[in-house]
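# A look at the structure
Spelled out, the chains give:
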Amino acid sequence: MKSFDYVIKDELGIHARPAGILVKKLASVKSNVKIEVKDKDKEADAKRLMQVMKMAVKQNDTVTVTIEGEDEDTALVEIEAFFKENF
């Protein structure tokens, strides 16, 4: 299991457009990917758009992304880069 923390910088938080792109990107990942906002006690399957959107992640929220599975090492690098570029 691999994980990283990320502070959301986008002024709109995790909104529909980048969340949709994230879900599409994760379709090729074999590992399970979860997003958690600890301060708000919320967790979602990052491969499910509606779950990600229901979290209502705002700017300056810290999320923990956890990747677990056979391709977790490569997925971690790709997903962390995606967050830095889009959120």
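Refer to the structure printed above.
What you are looking at is a predicted structure, and each value in this text was computed from that prediction instead of being measured. (Residues numbered from 1 in each chain as written. Predicted model: local features only at pLDDT ≥ 70, side-chain atom pairs only at ≥ 80, totals over all residues. Heavy atoms only, no water.)

### What to know about the side chain of Ser-31
The residue Ser-31 is located in the loop between α1 (16–26) and β2 (32–37) in this model. Residue Ser-31 is classed as buried on the basis of its relative accessible area of 1%. At 3.3 Å, the side chain of Ser-31 forms a polar contact with the backbone nitrogen of Glu-72. (Helix = DSSP H or I, 4+ residues; strand = E, 2+ residues; numbered from the N terminus. Buried < 20%, exposed > 50% of the residue type's maximum accessible area, 1.4 Å probe, protein only. Polar contact = N/O pair within 3.5 Å; in protein donor to acceptor, adjacent residues only side chain to side chain.)

### So, helix α3 (residues 72–86)
The end-to-end C-alpha distance of α3, which contains 15 residues, comes to 20 Å, matching closely the 21 Å that a straight helix rising 1.5 Å per residue would cover. The inward-facing, buried residues of α3 contact β1 (2–7), α1, β2 and β4 (62–68). (Expected span 1.5 Å × (residues − 1). Contact = heavy atoms within 4.5 Å.)

### A few points about the pattern of salt bridges
A complete count under the given rule lists five salt bridges for this structure. With a shortest N-O distance of 3.3 Å, Lys-2 and Asp-73 are connected by a salt bridge. Taken together, the residues span a long stretch of sequence, with Lys-2 in strand β1 and Asp-73 in helix α3 at a distance of 71 residues. A salt bridge links Lys-40 to Asp-61; the shortest N-O distance between them is 3.0 Å. Remark: Asp-61 occurs in the loop between α2 (49–54) and β4 and Lys-40 occurs in the loop between β2 and β3 (42–45); sequence separation between them is 21 residues. Asp-61 sits in the buried class, given a relative accessible area of 14%. (Salt bridge = Lys/Arg side-chain N within 4 Å of Asp/Glu carboxyl O.)

### Describing the packing of aromatic side chains
Using the criterion set out here, one finds four aromatic pairs in the structure. Look at Phe-4 and Phe-83: their rings are 5.8 Å apart centre to centre, the planes differ by 80°, and that puts the pair in the edge-to-face class. Of the two residues, Phe-4 is situated in strand β1 and Phe-83 in helix α3; the sequence distance between them amounts to 79 residues. We classify Phe-4 as buried; its relative accessible area is 7%. Phe-83 gets classed as buried once you look at its relative accessible area, which sits at 0%. Relative to Phe-87, the ring of Phe-83 lies with its centre 4.9 Å away and its plane at 55°, an arrangement referred to as tilted. A single burial state applies to Phe-83 and to Phe-87, both of which are buried. (Phe/Tyr/Trp six-rings, centres within 6.5 Å; stacked < 30°, edge-to-face > 60°.)

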